[in-house]
Amino acid sequence: MQTTDAFNGLDCLDCGASFDAADGPGRCPDCGGVLDPTYDYESLDLSRESFARDPLTDGHAGIWRYAPVLPVPQSAAVTMDEGSTPLVEAPRLAEELEVGRVLVKDEGRNPTGTFDDRGAALAVSAAAAQGATDVALPSTGNDGQAIASYAARADMESHTFVPSRASFVNKAMINVHGGDMYVVDGRLDDAIEAYEDVIAERDDYHPLRAFVTPYRHEGAKTAYYELLEQLDWELPDAVVCPTGDGVGVTGLAKGARECRDLGLVEETTPLYLAQSEGCAPIVEAFEAGAETAEPWEYPDTVCGALEVPNPAGGRAALRAVRETGGGAVAADDQDIMDTAATVALHEGLEAGVAGAAAAAGAWALSRAGEFGTDDTVVLLNTAAGNKDADLIRSRLMAKGM
Ligand SMILES: N[C@@H](CCOP(=O)(O)O)C(=O)O
């Protein structure tokens, strides 16, 4: 695999064992922990200025501006210039939340309309660098669409296992990208079971399941570098991230750690993860002081992207919020849909229901006194609002609006 100079290999987040990236995707063979890319940070000469390049003149666009702290060089990238998403001021939300500033990191502006594009670009690039011809994953929908899109760009076959409740948009676009799609009756766990049966038989399918490939959360970390740059390296007081499997929040925490350890800033920002009350295994574990999330018995939420009853990154996500001094919050589905409509009405911004879970979670955090009146709060909108237009509109209709 063609790698960047500082990339060392993979370390297990649980037992610390080290592995060569060429050993392939997977969990730690010793303890089953999540593998995480590591770098020789000492060899890197990075500063705030070194990231401030003009993407139009030297070809570093989106997530690839941070290539020195990614495993794959830009020369081997499968890319559609994902990243470089705007950080949009939301003054009315700030007033409503009684904080100084609210900024929405709008990941809906990515190529397939989600945060997942960052990790998909990196994971497909790494798979291509390892010679893969076929990639496979189970998905709630958005990451399946993202992988199908990047696989198409890399001339690879994608095999995606989605539950029947995945959104029409996701399923349609996986088809449009020419992906091989298995629609499995039931919910995410049923799709995972079908995926595991197939992957056990197919050595030629390169697994891109989150936290089986170590590169999905690695792609997500670039959003943290980016938002600090957009804030001129001033730390926000809180970042709220919608969470299903834990990819986003684990990646953001790694970005926060790296930015501090590289000396770009002095501290990390408190990260808060937000889930729906209909499927909140990580919030439950956080509140119980547990190290791992227990499977959620009856998952049922309108936020399909967050309906992950047994999150592969549960442990990593819990560590992420605890090590940054943040927390975890769950919001009710009706509140989440109302929030999506309010954000669209008051700010003009189109947030998907998962993104609206972050805003609804921020309301709950504000009521609980977690924010100060001068605080800058960043909300991650993980997906474009038009992915969930039918859901959000149906709520308006139910309220007779
Ligand atoms: N990526 C999701 C939302 C959050 O999932 P996570 O795995 O990053 O916790 C989406 O499709 O919106």
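In this text, all values refer to a predicted model and were calculated from it rather than measured experimentally.

Each value, and the rule that gives it
- Residues numbered from 1 in each chain as written.
- Predicted model: local features only at pLDDT ≥ 70, side-chain atom pairs only at ≥ 80, totals over all residues.
- Heavy atoms only, no water.
- Pairing = 2+ DSSP bridges.
- Helix = DSSP H or I, 4+ residues; strand = E, 2+ residues; numbered from the N terminus.
- Axes fitted to C-alpha atoms, helices over the stretch in contact; angles between N-to-C directions.
- Contact = heavy atoms within 4.5 Å.
- Core = buried A, V, L, I, M, F, W, Y, C linked by side-chain atoms within 4.5 Å.
- Buried < 20%, exposed > 50% of the residue type's maximum accessible area, 1.4 Å probe, protein only.
- Parallel < 35°, antiparallel > 145°, perpendicular 65-115°, else oblique.
- Left-handed = near helix turned anticlockwise from the far one by under 90°.
- Nonpolar A, V, L, I, M, F, W, Y, C, P; charged D, E, K, R; others polar.
- Salt bridge = Lys/Arg side-chain N within 4 Å of Asp/Glu carboxyl O.
- Near = heavy atom within 4 Å.
- Polar contact = N/O pair within 3.5 Å; in protein donor to acceptor, adjacent residues only side chain to side chain.
- Areas by Shrake-Rupley, 256 points an atom, 1.4 Å probe, with all protein chains shown as cover.
- UniProt positions renumbered as here; feature names shortened; annotations may be inferred.
- Phe/Tyr/Trp six-rings, centres within 6.5 Å; stacked < 30°, edge-to-face > 60°.

In space, the four strands of this open sheet follow the order 8-7-6-9, with parallel pairing throughout. Looking along the sheet, the strands with just one partner apiece sit at the ends: strand 8 (180–184) and strand 9 (205–207). Direction aside, neighbouring strands of the sheet carry axes that sit 25° apart on average. Note that strand 7 (residues 157–163) and strand 8 share five bridges and pair parallel. Looking at strand 8, one finds that Phe 161 is bridged to Tyr 182. Packing of helix 5 (residues 142–153) onto the sheet brings it into contact with strand 6 (134–138) and strand 7, and relative to strand 6 it is tilted by some 175°. Helix-sheet contacts for helix 6 (residues 168–176) involve strand 7 and strand 8, and the interaxial angle to strand 8 is about 150°.

The next thing to look at is the nonpolar core. Tyr 215, Tyr 225, Val 249, Leu 252, Cys 259 and Leu 273 are the most contacted members of the largest nonpolar core, which has 78 residues in total. Considering every element that reaches this core, the biggest residue donor is helix 4 (residues 116–129), with seven residues. Membership of the second largest hydrophobic core comes to 22 residues, among which are Ala 90, Leu 97, Val 240 and Val 343.

What follows deals with the pairing of strand 12 (residues 327–331). In terms of burial, strand 12 is a largely internal element, four of the five residues being buried. In this structure, strand 11 (residues 271–276) lies alongside strand 12, joined through five bridges in parallel fashion. Along strand 12, the bridge assignment pairs Ser 276 with Ala 331.

This part is about the packing of helix 11 (residues 281–288) against helix 12 (residues 314–323). Taken N-terminus to C-terminus, the directions of helix 11 and helix 12 make an angle of 55°; their axes are 10 Å apart at the nearest point. With respect to their mutual orientation, helix 11 and helix 12 come out oblique. Seen from above, helix 11 lies across helix 12 with right-handed handedness. In contact with Ile 282, Ala 285 and Phe 286 of helix 11, helix 12 contributes Gly 314, Ala 317, Leu 318, Val 321 and Arg 322. Within the contact of helix 11 with helix 12, the residues separate by chemical class into six nonpolar, one polar and one charged.

Taken together, the six strands give an open sheet; going across it, the order is 4-5-13-10-11-12, and neighbouring strands pair in mixed fashion. For this open sheet the edge positions go to strand 4 (87–89) and strand 12, each flanked by a neighbour on one side alone. Neighbour to neighbour, the strand axes of the sheet diverge by 25° on average, direction disregarded.

Turning next to the pattern of salt bridges. Applying the stated criterion to the full structure yields 22 salt bridges. For the salt bridge of Glu 307 with Arg 187, the shortest nitrogen-to-oxygen distance reads 2.7 Å. Here Glu 307 is found in the loop between helix 11 and helix 12, whereas its partner Arg 187 is found in the loop between strand 8 and helix 7 (188–201), with 120 residues between them in sequence. Taken together, the shared-partner salt bridges connect Asp 36, Glu 218, Lys 221, Lys 254 and Glu 258 into one network.

On to unusual backbone geometry. Here the phi dihedral of Asp 81 falls at roughly 60°; this positive angle occurs in a residue that is not glycine. Within the secondary structure, Asp 81 sits in the loop between helix 2 (55–58) and strand 4. Judged by relative accessible area, which is 48%, Asp 81 ranks as partly exposed. The backbone of Ser 84 shows a phi angle near 50°, a positive value even though the residue is not glycine. Structurally, Ser 84 is set in the loop between helix 2 and strand 4.

Attention now moves to the pairing of strand 11. With six of six residues buried, strand 11 is to be regarded as a mostly interior element. A two-sided burial pattern is seen for strand 11, the buried positions comprising Leu 271, Leu 273 and Gln 275 on one face and Tyr 272, Ala 274 and Ser 276 on the other. Here strand 10 (residues 238–242) runs beside strand 11; their pairing, made up of four bridges, is parallel. By the bridge assignment, Val 239 is partnered in strand 11 with Leu 271.

Moving on: the environment of Ala 305. Residue position: Ala 305 is located in the loop between helix 11 and helix 12. Counting along the chain gives 62 residues from Ala 305 to Thr 243, while the straight-line C-alpha distance between them is 8.5 Å. Not counting residues up to four positions away in its chain, the partners in contact with Ala 305 are Thr 140, Asn 142, Gly 244 and Ala 354.

Glancing now at the site of the ligand. Around the ligand sit Asp 116, Asn 142, Pro 242, Thr 243, Gly 244, Asp 245, Gly 246, Val 247, Gly 248, Ala 305, Leu 306 and Thr 382, and those are all the residues in its vicinity. Note that an oxygen atom of the ligand is positioned 3.2 Å from one of the backbone N or O atoms of Asp 245. In the model, an oxygen atom of the ligand is placed 2.9 Å from a nitrogen or oxygen of the Gly 248 main chain. Here the ligand has 330 Å² of accessible area as a free molecule, and 94% of this is covered by the chains.

Glancing now at the UniProt feature "domain: Tryptophan synthase beta chain-like PALP" (unreviewed entry) in the chain. Annotation from UniProt places "domain: Tryptophan synthase beta chain-like PALP" (unreviewed entry) at residues 78–382. Between the end C-alpha atoms of residues 78–382 the distance is 21 Å, and the span holds 44% helix and 17% strand.

Counted under the stated rule, the structure contains nine aromatic pairs. Centre to centre, the rings of Phe 51 and Tyr 66 are 5.2 Å apart; their planes meet at 50°, and the pair counts as tilted. Remark: Tyr 66 occurs in the loop between helix 2 and strand 4 and Phe 51 occurs in helix 1 (residues 48–51); sequence separation between them is 15 residues. As far as the burial class goes, Phe 51 and Tyr 66 line up, both buried. Of the aromatic side chains, those joined through ring pairs into one cluster are Phe 51, Tyr 66, Tyr 225 and Trp 233.

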